[in-house]
Protein chains: 2
Amino acid sequence: MTPLTPYIGLVAGFLTSSAAIPQVIKTYRTKHARDLSMWQLVMLNFGMLLWLIYGWQIGDRPLILANTFSIACYSFLIAMKVHYARKGRD
Amino acid sequence: MTPLTPYIGLVAGFLTSSAAIPQVIKTYRTKHARDLSMWQLVMLNFGMLLWLIYGWQIGDRPLILANTFSIACYSFLIAMKVHYARKGRD
C-alpha cells in the first residue's frame, strides 16, 4: 500500500465506468449495434448491479456512484441495440 | 455488511470479468468489429491495468485475477478490431 494507492483505485474506477461513454456515443451516432454482444451487455449490467449492492453493503460511495453510472450507460446501450434491431438497422 | 456480502462481490467480479467472453466469441465468429468503440476498449484496458496495480498494492487476489483475465480478453478484442479494419472487413 502506498500513498498513491487510493488515487489509483479512483482513476481505475473512473476509467472503467466512463469507458461506456464512447460506446454509447458511437452507437447513438451510427444507429448500428449489430457487432455488440447482447450477452456481454446483459452480463455486465447484472454484474454491475451486484457491485452496486456490494458497494451499498460495505458503504463504499465511489463503488456505488461508478456502478450506478455504468448501469445507466449499459442499459441505454441495450435499449439502442433492441431498438435498432427492430428497425431492421441491425 | 451481511454474511452474503463477500459472495456478492465475488459473483459481481466474475460476471463483469467474464462478460468479455461472449463479445470475444461474437467478434471472432463474425470477423466484424466496426460497431465496437476503440476508445471504449482502450479506456477499459487502461482502467483494468490500474485496477490490477491497485489490487497488487492492497494484496487482493480476486481483483488481480479478474483484471488479468479481462485485460487479456479486451487486448484480444483490440487486436481483432485492428486486424479486421486492415482487412477491410470493417
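Chain A has the name Sugar transporter SemiSWEET in an unreviewed UniProt entry, where Geomonas limicola is given as its organism.

Draft legend 1. Looking closely at the interface of chain B and chain A. Between chain B and chain A, the contact holds 38 residues from the first and 38 residues from the second. In this assembly, chain B packs against chain A so that about 3,400 Å² is buried in total across both faces, 67% of it on carbon and sulfur atoms. Remark: the boundary between chain B and chain A carries 19 residue pairs in polar contact (both at pLDDT 80 or more). Listing elements by their share of the side of chain B that touches chain A, those giving two or more residues are helix 1 (5-18), helix 2 (20-30), helix 3 (38-58) and helix 4 (61-86) of chain B. It is helix 3 of chain B that provides the largest number of residues to the side of chain B that touches chain A, a total of 13 residues.

Draft legend 2. Representation of the packing of helix 1 of chain B against helix 4 of chain B. Residue and element names in this part refer to chain B. Following both chains from N to C, one finds helix 1 and helix 4 inclined at 15°, their axes separated by 9 Å at the closest point. In terms of axis orientation, helix 1 runs roughly parallel to helix 4. The way helix 1 lies across helix 4 gives a crossing that is right-handed. Residues Leu10, Ser17 and Ser18 of helix 1 form the contact with helix 4, whose participating residues are Pro62, Ala66, Phe69 and Ser70. Of the residues belonging to the contact of helix 1 with helix 4, the class tally is 4 nonpolar, 3 polar and no charged.

Criteria and thresholds
Residues numbered from 1 in each chain as written. Chains lettered and ligands numbered in written order. Predicted model: local features only at pLDDT ≥ 70, side-chain atom pairs only at ≥ 80, totals over all residues. Heavy atoms only, no water. Contact = heavy atoms within 4.5 Å. Buried area = accessible area lost by both parts, 1.4 Å probe. Polar contact = N/O pair within 3.5 Å; in protein donor to acceptor, adjacent residues only side chain to side chain. Helix = DSSP H or I, 4+ residues; strand = E, 2+ residues; numbered from the N terminus. Axes fitted to C-alpha atoms, helices over the stretch in contact; angles between N-to-C directions. Parallel < 35°, antiparallel > 145°, perpendicular 65-115°, else oblique. Left-handed = near helix turned anticlockwise from the far one by under 90°. Nonpolar A, V, L, I, M, F, W, Y, C, P; charged D, E, K, R; others polar.

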